[in-house]
Amino acid sequence: MAEPHKVVIIGSGPAGWTASIYAARANLDPVCVIGVPKSNPAPVLPGGQLMLTTEVENYPGFPDGVTGPDMMDKFRKQAERFGTQVIEDDVVKCHFDRKPFELELADGQTIQAHAVVIATGATANWIGLDNEMRLARAGGGVSACAVCDGALPNFRGKRLAVVGGGDTAMEEATYLTKFASTVSVIHRRDELRASKVMQQRFLGKPNAEVLWNKVVVDVKGDGYIEALELKDTQTGEHSTIEVGGLFIAIGHTPATGFLKDSGIALTQKGYVELKTRHSATNIDGVFAAGDVADAEYRQAITAAGMGCQAALDAERWLGAKGLV
Ligand code: NAP
């Protein structure tokens, strides 16, 4: 096996690339394992959630905005300029009980590292209905990202449904009120989980409504969504509403499957648990950054900040262990 790397970064969103930039500039010769494209059923791409985002207007330094893919391309170029080695593959298993650590890649190779930064992000959850998945894959008006897709011409002037009762649902529903005739939030309880301010922002729109105590049990439409079959969670009664789009906003799942049996501590929701405000995990020498360890902020700028912290923490840790 080749020499162990000083640091391997797993993931290529803002956290992974920022960790790579800082590690490369610290002469740690980082390797970034960036993942390969897949479907979930929406695309999951190297570069992460920003690859599915159109305009990013809140990242400082881009006064005229920037598209998510352009931004990730710039991050990557900056990381490569300082010598980051890129591996286009997935890590499928981690052996954190071995020293140096061993990471198995999908192509069968194993790479070794003294320090690891986990920055694999999180992906949107789906209800899991057959027709929801079919239409989401086919571009049939079902999406898990209103901010990515809501402005598309197909959704304009139609009644659009948003499933979920949290801050994301409110944020997406509020965004959609700009394009839709009506935005119907479908929530399984009679009380929203979202913060009051986010609720008010949505409920204050003239074309906003909430369908309480309802779950979606089927999505109708051949090539394109036409209607939803709903079930009342209190009475069990079924009803149908016509819609021109469905947006699922029922939370995210962190990409931590590859950490199964690795010994890394996860939170109740499955996110990597950080020991302190730093990026250290429960395993000495393994750090985490970005959405995989952050259920709260989930912003490009916070992920990038966490990536910076993880690289600095890894550098200090390697120095303290005499490994650099
Ligand atoms: P969340 O807070 O976990 O809310 C998920 C919502 O989806 C809940 O209302 C939940 O219903 C519902 N839900 C879950 N599974 C469902 C299913 N299978 N069928 C139907 N409904 C389902 O997730 P989130 O809204 O994505 O927010 C995540 C975190 O990010 C939160 O801490 C939030 O505050 C933060 N955030 C902040 C902002 C902001 O401040 N600008 C924006 C977005 C997100 P129940 O309520 O019944 O459990």
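Everything below is about the structure printed above this text.
Residues numbered from 1 in each chain as written. Predicted model: local features only at pLDDT ≥ 70, side-chain atom pairs only at ≥ 80, totals over all residues. Heavy atoms only, no water.

Caption draft 1: The arrangement of the overall build of the chain in detail. Secondary structure summary: the chain contains 7 helices and 21 strands in total. In terms of overall dimensions, the chain is globule-like: its C-alpha atoms have a radius of gyration of 21 Å, near the 20 Å expected for 324 residues. Over its C-alpha atoms, taken along the principal directions, the chain stretches across nearly 65 × 40 × 35 Å. In the chain, which comprises 324 residues, the proportion classed as buried is 49%. Look at the contacts in the chain between residues 6 or more apart in sequence, and 58% of them connect residues 24 or more apart. (Helix = DSSP H or I, 4+ residues; strand = E, 2+ residues; numbered from the N terminus. Rg over C-alpha atoms; globule rule 2.2 N^0.38 Å. Buried < 20%, exposed > 50% of the residue type's maximum accessible area, 1.4 Å probe, protein only. Contact = heavy atoms within 4.5 Å.)

Caption draft 2: Expanded view of the environment of glycine 166. Assignment of secondary structure puts glycine 166 in the loop between strand E13 (159-163) and helix H5 (167-176). Spatially, the C-alpha atoms of glycine 166 and histidine 187 are 9.3 Å apart, while their sequence positions differ by 21 residues. What glycine 166 contacts, discounting residues up to four positions off in sequence, is Arg193 and Ala194.

Caption draft 3: Representation of the state of the cysteines within the structure. Counted according to the given criterion, the structure contains 0 disulfides. With no disulfide of its own, cysteine 32 has cysteine 94 as its nearest cysteine by sulfur position, at a separation of 14 Å. A relative accessible area of 2% places cysteine 94 in the buried class. (Disulfide = S-S within 2.5 Å.)

Caption draft 4: Main features of the site of the ligand. The environment of the ligand is made up of 17 residues, and the closest members are Asp167, Thr168, Arg188, Arg189 and Arg193. Taking alanine 295, its main chain carries an N or O atom lying 3.4 Å from an oxygen atom of the ligand. A distance of 3.4 Å separates an oxygen atom of the ligand from a polar atom in the backbone of glutamate 296. Bound to the protein, the ligand loses 74% of the 920 Å² it would expose on its own. Broken down by element, the shell around the ligand gets its largest block of residues, 3 residues, from H5. Each residue belonging to the shell around the ligand can be placed in one class, and the counts come to 4 nonpolar, 6 polar and 7 charged. (Near = heavy atom within 4 Å. Polar contact = N/O pair within 3.5 Å; in protein donor to acceptor, adjacent residues only side chain to side chain. Areas by Shrake-Rupley, 256 points an atom, 1.4 Å probe, with all protein chains shown as cover. Nonpolar A, V, L, I, M, F, W, Y, C, P; charged D, E, K, R; others polar.)

Caption draft 5: Geometry of the packing of helix H1 (residues 14-25) against helix H7 (residues 300-320). Relative to each other, H1 and H7 sit at 35°, their axes nearing to 7 Å. Between H1 and H7 lies a crossing whose hand is right-handed. Packed against H1, whose contacting residues are Pro14, Ala15, Thr18, Ala19, Tyr22 and Ala23, the element H7 presents Ala300, Ala303, Ala304, Gly307, Cys308, Ala311 and Leu312 at the interface. Per-class residue counts for the contact of H1 with H7 are 11 nonpolar, 2 polar and no charged. (Axes fitted to C-alpha atoms, helices over the stretch in contact; angles between N-to-C directions. Left-handed = near helix turned anticlockwise from the far one by under 90°.)

Caption draft 6: Representation of the nonpolar core in the model. One finds Met71, Phe96, Leu103, Val116 and Ile118 to be the most contacted residues of the largest nonpolar core, which totals 56 residues. Among the elements that line this core, the one with the most residues is H7, at 9 residues. Sequence-distant contacts of leucine 103, defined by excluding residues within four places in its chain, comprise Val8, Ile10, Val91, Lys93, Cys94, Phe96, Gln109, Thr110, Ile111 and Val116. Of all hydrophobic cores here, the second largest spans 21 residues; its members include Ile186, Val216, Val219 and Val243. (Core = buried A, V, L, I, M, F, W, Y, C linked by side-chain atoms within 4.5 Å.)

Caption draft 7: Quick look at the pattern of salt bridges. This model, assessed by the stated rule, comprises 12 salt bridges. The shortest N-O distance in the salt bridge between arginine 98 and glutamate 102 comes to 2.9 Å. What makes glutamate 102 buried here is its relative accessible area of 15%. For lysine 260, the salt bridge identified is with aspartate 261, shortest N-O distance 3.8 Å. An identical accessibility class is assigned to lysine 260 and aspartate 261; each is exposed. (Salt bridge = Lys/Arg side-chain N within 4 Å of Asp/Glu carboxyl O.)

Caption draft 8: Representation of the side chain of threonine 168. Mapping threonine 168 onto the fold places it in helix H5. Separated by 3.0 Å, the side chains of threonine 168 and arginine 298 make a polar contact. Those residues within four positions of threonine 168 in sequence are excluded, and the remaining contacts are Ala249 and Arg298.

Caption draft 9: Quick peek at helix H6 (residues 196-203). Along H6, the residues that are buried comprise Met198, Gln199 and Phe202. Buried residues in H6, looked at end-on, bunch into an arc of 100°, giving them a common side. Opposite the buried face of H6, by more than 90 degrees, sit the exposed residues Lys196 and Gln200. Where the residues of H6 are buried, they touch H5, strand E14 (182-186) and strand E15 (208-211). (Arc of directions from axis to C-beta.)

Caption draft 10: View of the sheet that holds E15. The 5 strands lie next to each other as E12-E19-E13-E14-E15, forming an open sheet whose pairing is parallel. Sheet topology places strand E12 (142-143) and E15 at the edges, where each strand pairs with a single neighbour. Looking at chain direction, E13 and E14 are connected through 5 bridges and run parallel. Bridged to valine 162 within E14 is valine 185. (Pairing = 2+ DSSP bridges.)

Caption draft 11: Representation of the pairing of strand E10 (residues 110-118). Across the 9 residues that make up E10, a large majority, 7, are buried. When strand E1 (residues 5-10) meets E10, the two strands line up parallel, connected through 5 bridges. Bridge pairing links isoleucine 10 to isoleucine 118 in E10. Bridge count for strand E9 (residues 101-105) against E10 is 4 bridges, and the pairing is antiparallel. Across the sheet, glutamate 104 pairs through a bridge with threonine 110, a residue of E10. Joining the antiparallel neighbours E9 and E10 is a turn of 4 residues, in which glycine 108 adopts a positive phi near 100°. The pairing of E10 with strand E21 (residues 286-288) spans 3 bridges and is parallel. In the sheet register, isoleucine 118 faces E21, and the bridge partner there is alanine 288.

Keep in mind these numbers describe shape, not what the thing actually does.
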